[in-house]
Amino acid sequence: MLSFKDLYKSEKYIFKKFLKKDYSVLDVGCLFGSLSLSLKKFKVKYSGLDNDKNAIRYGKKIFKN
């Protein structure tokens, strides 16, 4: 699973600089939503969209909500 420490240096910079508590993130092309784990640190509202039915099904198994 993807955690904050696994992100690229540029992604960490952007998240630390621009994400504040109570922000919302829309992840278009999220596959199964692994980015949501990295964003937990920032307590943001996360929504992911994808059209890959297998990835969505897998994500629903991993993330019960």
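Since the model is a prediction, treat every value here as computed from it, not as a measurement.

Enquirer: Can you help me understand the overall build of the protein in this one?
Expert: Across its full length, the protein holds three helices and two strands. Secondary structure elements of the protein, listed N to C terminal, follow the sequence α-β-α-β-α. On C-alpha atoms alone, the protein measures out to a radius of gyration of 12 Å, which is about the 11 Å that the 2.2 N^0.38 rule sets for 65 residues. Counting the 65 residues in the protein, one finds 26% classified as buried.

Enquirer: Help me understand a positive patch on the surface in this model?
Expert: On the surface, Lys53, Arg57, Lys61 and Lys64 cluster together into a patch of positive charge. Looking at the element boundaries, Lys64 is found in the segment after helix H3 (53-62).

What counts as what
Residues numbered from 1 in each chain as written. Predicted model: local features only at pLDDT ≥ 70, side-chain atom pairs only at ≥ 80, totals over all residues. Heavy atoms only, no water. Helix = DSSP H or I, 4+ residues; strand = E, 2+ residues; numbered from the N terminus. Rg over C-alpha atoms; globule rule 2.2 N^0.38 Å. Buried < 20%, exposed > 50% of the residue type's maximum accessible area, 1.4 Å probe, protein only. Patch = residues over 30% accessible without salt bridge, like charges linked within 9 Å, V, L, I, M, F, W, Y side chains within 5 Å. Areas by Shrake-Rupley, 256 points an atom, 1.4 Å probe, with all protein chains shown as cover. Salt bridge = Lys/Arg side-chain N within 4 Å of Asp/Glu carboxyl O. Lys, Arg positive; Asp, Glu negative; His and termini not counted. Charge placed at Lys NZ, Arg CZ, Asp CG, Glu CD.

Keep in mind that these numbers describe shape and distance, not what the molecule does.
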